[in-house]
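Here is how the chains run, residue by residue.
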Amino acid sequence: MALRIEELSTSNLRGLRDLRLAPGQERFVAPVLESIAEAYVTPTAWPRAIVDDDGVVGFVMANWDPENELEAFRAGIWRLNVDEKAQGRGVGRFDVAQVAAEARRRGIDRITVLWERGDGGPEGFYRACGFVPTGEVLFGEVVGALEV
Ligand SMILES: CC(C)(COP(=O)(O)OP(=O)(O)OC[C@H]1O[C@@H](n2cnc3c(N)ncnc32)[C@H](O)[C@@H]1OP(=O)(O)O)[C@@H](O)C(=O)NCCC(=O)NCCS
């Protein structure tokens, strides 16, 4: 599967709108359209579509906000949604690699993510990608960090 990362546009908006998670996963991440609305009003947001030859397979939104008072919100993954049909094929790992590459372009050497623990949640995925819990818990979520 040849994956590409794209800025949001009229070409990929419908595909983003139609992304679906597996049953039970919705509690772990906001709906994509809500994230896009947040990106519209958040200058530091970095929303991207992930596409393969058949269309949109995922959505990732990073946040680059070096002045944020909370270290966990200065650089890292804010949202990550992989379509149910595309899960388990490396799309999520590709997304993490793309955010890590963008961090390096910006001279940043560590990215963070917050995840909620629970059955069907993303903890195993983030650990498989190399994120390590920092020991902090913010808003009931685990803070994980990855050196890039
Ligand atoms: C979590 C999510 C992004 C993973 O995406 P994905 O494309 O299926 O993940 P990948 O195929 O890239 O998997 C990468 C690695 O993580 C592992 N992995 C994926 N999901 C896992 C899980 N739930 N538990 C344990 N390991 C998992 C895979 O086995 C793989 O390991 P390997 O490369 O060593 O074999 C996707 O399941 C999703 O969108 N979930 C719902 C929304 C969500 O929870 N988002 C995160 C909000 S913080």
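### Thoughts on the site of the ligand
Step number 1: Neighbouring the ligand are 21 residues; L80, G88, G90, G92 and R93 lie closest to it.
Step number 2: Residue Q87 places a side-chain N or O atom 3.3 Å away from an oxygen atom belonging to the ligand.
Step number 3: A distance of 2.8 Å is found between an oxygen atom of the ligand and a backbone nitrogen or oxygen belonging to G88.
Step number 4: Protein burial of the ligand: of its 930 Å² of free accessible surface, 71% is covered by the chains.
Step number 5: Breaking the shell around the ligand down by element, the ones donating at least two residues are β4 (75-82), α3 (91-105) and α4 (123-128).

### Quick notes on the environment of E34
Step number 1: You can see E34 is positioned in helix α2 (residues 32-40).
Step number 2: Residues E34 and R17 lie 17 residues apart in sequence; the distance between their C-alpha atoms is 9.9 Å.

### Re the pattern of salt bridges
Step number 1: Overall, the coordinates contain twelve salt bridges when judged by the stated rule.
Step number 2: The residue E116 makes a salt bridge to R27 at a minimum N-O spacing of 3.0 Å. Highlighted residues: E116 in the loop between β5 (110-115) and α4 and R27 in the loop between α1 (13-17) and α2, separated in sequence by 89 residues.
Step number 3: Where K85 meets D83, a salt bridge forms, and the shortest distance between an N and an O atom there is 3.6 Å.
Step number 4: Exposure remark for K85: the relative accessible area of 68% places this residue in the exposed category.

Definitions and cut-offs
Residues numbered from 1 in each chain as written. Predicted model: local features only at pLDDT ≥ 70, side-chain atom pairs only at ≥ 80, totals over all residues. Heavy atoms only, no water. Near = heavy atom within 4 Å. Polar contact = N/O pair within 3.5 Å; in protein donor to acceptor, adjacent residues only side chain to side chain. Areas by Shrake-Rupley, 256 points an atom, 1.4 Å probe, with all protein chains shown as cover. Helix = DSSP H or I, 4+ residues; strand = E, 2+ residues; numbered from the N terminus. Salt bridge = Lys/Arg side-chain N within 4 Å of Asp/Glu carboxyl O. Buried < 20%, exposed > 50% of the residue type's maximum accessible area, 1.4 Å probe, protein only.

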